[in-house]
Amino acid sequence: MHKYQDLITKLDNSDEETFWLGPATAEQIKILENILGIKLPEDFVDFLSVCGGGGAADSEICGIENNDATLDNGGTVNYSTMYCRSEFELPSHFAVIYLKDDEVCWAIDCGPTGNGQVISYDLFKRKPSKKIAENFYSFFEEYVELRT
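This structure is a prediction, so every number in the text was calculated from the model and none was measured. Within every chain, residues take consecutive numbers counted from 1 along the sequence as written. The predicted origin of the model limits local features to residues at a pLDDT of at least 70 and limits the giving and counting of side-chain atom pairs to 80 or more, whereas totals for whole chains, interfaces and linings rest on all residues. Side-chain figures throughout are based on the complete set of non-hydrogen atoms in the structure, without hydrogens or water.

**Remarks on the packing of helix 2 (residues 26-36) against helix 4 (residues 77-88)**
Convention adopted: a line fitted to C-alpha atoms gives each axis, helices being fitted over their contacting stretch, and angles between N-to-C directions are expressed from 0 to 180 degrees. Labels follow the DSSP assignment, with helices taken as runs of H or I lasting at least four residues and strands as runs of E lasting at least two, numbered in each case from the N terminus. The geometry of helix 2 relative to helix 4 is characterised by a closest axis approach of 11 Å and an angle of 5° between their N-to-C directions. With respect to each other, helix 2 and helix 4 are oriented roughly parallel. Taken together, the residues of helix 4 that come into contact with helix 2 (itself represented by Leu-32, Ile-35 and Leu-36) are Val-77, Asn-78, Thr-81, Met-82 and Arg-85. Roughly parallel here means an angle under 35 degrees, roughly antiparallel means over 145, roughly perpendicular means 65 to 115, and every remaining angle is called oblique. When checking whether two residues touch, look at their non-hydrogen atoms; a contact exists if any pair is within 4.5 Å.

Pasting the structure below:
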């Protein structure tokens, strides 16, 4: 298990206003994987099981809200991924972890060659534009560091 709780506590103790979606069960994470048709990387599964998603206000990480993977509200991986697939041709092996104003999209590459890296997806050009982090855990470490 990754040390998400330590990072979450660090963020909660900063000057940032934080918001968390609540822990997700293994069953709900499996449901999300089935809905999206992908296998999520272990480090992101660990994150969902600890806090469900969330983070600093106005830059929350998508997750599973209220331990219900079927919810398709804004801010959920389910909604953000399905929306980007239908509106911006997001490839089916990506899971969106951040979507802001139809301008910024960050996703985890869950494909066989993606190795769980976090990428920026260019919504206008409809293609991946750059790698942000090797994996979700290193992405979240940097996310917390930038805010504390």
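**Considerations on the side chain of Ser-14**
With respect to the element layout, Ser-14 can be found in the loop between helix 1 (4-12) and strand 1 (18-20). Since its relative accessible area comes to 16%, Ser-14 is described here as buried. Here the side chain of Ser-14 touches Leu-11 through a polar contact of 2.7 Å, landing on its backbone oxygen. Within the structure, Ser-14 has its side chain in polar contact with the backbone nitrogen of Glu-16 (distance 3.1 Å). Partly exposed describes any residue whose relative accessible area lies between the buried limit of under 20% and the exposed limit of over 50%, with all areas from a 1.4 Å probe on protein chains only and scaled to the type maximum. In protein, a polar contact means a hydrogen-donor-capable atom and an acceptor-capable atom, both N or O and within 3.5 Å, with residues adjacent in sequence counting only if both atoms are side-chain atoms; elsewhere, any N or O pair within 3.5 Å suffices.

**Observations concerning the pairing of strand 5 (residues 118-122)**
Counting buried residues along strand 5, five of its five residues qualify, which places the element largely inside the surrounding structure. A two-sided burial pattern is seen for strand 5, the buried positions comprising Val-118, Ser-120 and Asp-122 on one face and Ile-119 and Tyr-121 on the other. A pair of strands is treated as paired once DSSP finds two or more bridges between them. The pairing of strand 4 (residues 104-109) with strand 5 spans three bridges and is antiparallel. Bridging across to strand 5, Ile-108 finds its partner in Val-118.

**A few points about the sheet that holds strand 6 (residues 127-133)**
Read from one edge of the open sheet, four strands run 3-4-5-6, paired in antiparallel fashion. Strands at the two margins of the open sheet, each flanked by one partner only, are strand 3 (94-100) and strand 6. Between one strand axis and the next, the sheet turns by 30° as a mean value, whatever way the strands run. Against the sheet, helix 4 touches strand 3, strand 4 and strand 5, its axis set at about 95° to strand 3.

**With respect to the nonpolar core**
Judged by nonpolar contacts, the single largest core of 32 residues is most densely connected at Leu-40, Phe-44, Phe-47, Leu-48, Phe-136 and Phe-140. At the level of secondary structure, the elements contributing two or more residues to this core comprise helix 1, helix 2, helix 3 (42-51), strand 3 and helix 5 (136-147). It is helix 5 that provides the largest number of residues to this core, a total of six residues. With near-sequence residues (within four places) excluded, Phe-44 lies in contact with Tyr-4, Cys-62, Val-77, Ile-97, Ile-108 and Phe-136. The criterion is simple. A nonpolar core is a set of buried Ala, Val, Leu, Ile, Met, Phe, Trp, Tyr and Cys residues joined through side-chain atoms within 4.5 Å. Counting residues in hydrophobic clusters, the runner-up holds 10 residues, among them Cys-84, Phe-88, Phe-94 and Val-96.

**Some thoughts on the environment of Glu-16**
Along the chain, Glu-16 turns up in the loop between helix 1 and strand 1. Separated by 18 residues in sequence, Glu-16 and Asn-34 have C-alpha atoms that sit 34 Å apart.

**Some remarks on the environment of Asp-43**
Within the secondary structure, Asp-43 sits in helix 3. Taking the C-alpha atoms as reference points, Asp-43 and Phe-136, 93 residues apart in sequence, are found 6.2 Å from one another. Those residues in contact with Asp-43 that lie beyond four places of it in its chain are His-2, Tyr-4, Asn-135, Phe-136 and Tyr-137.

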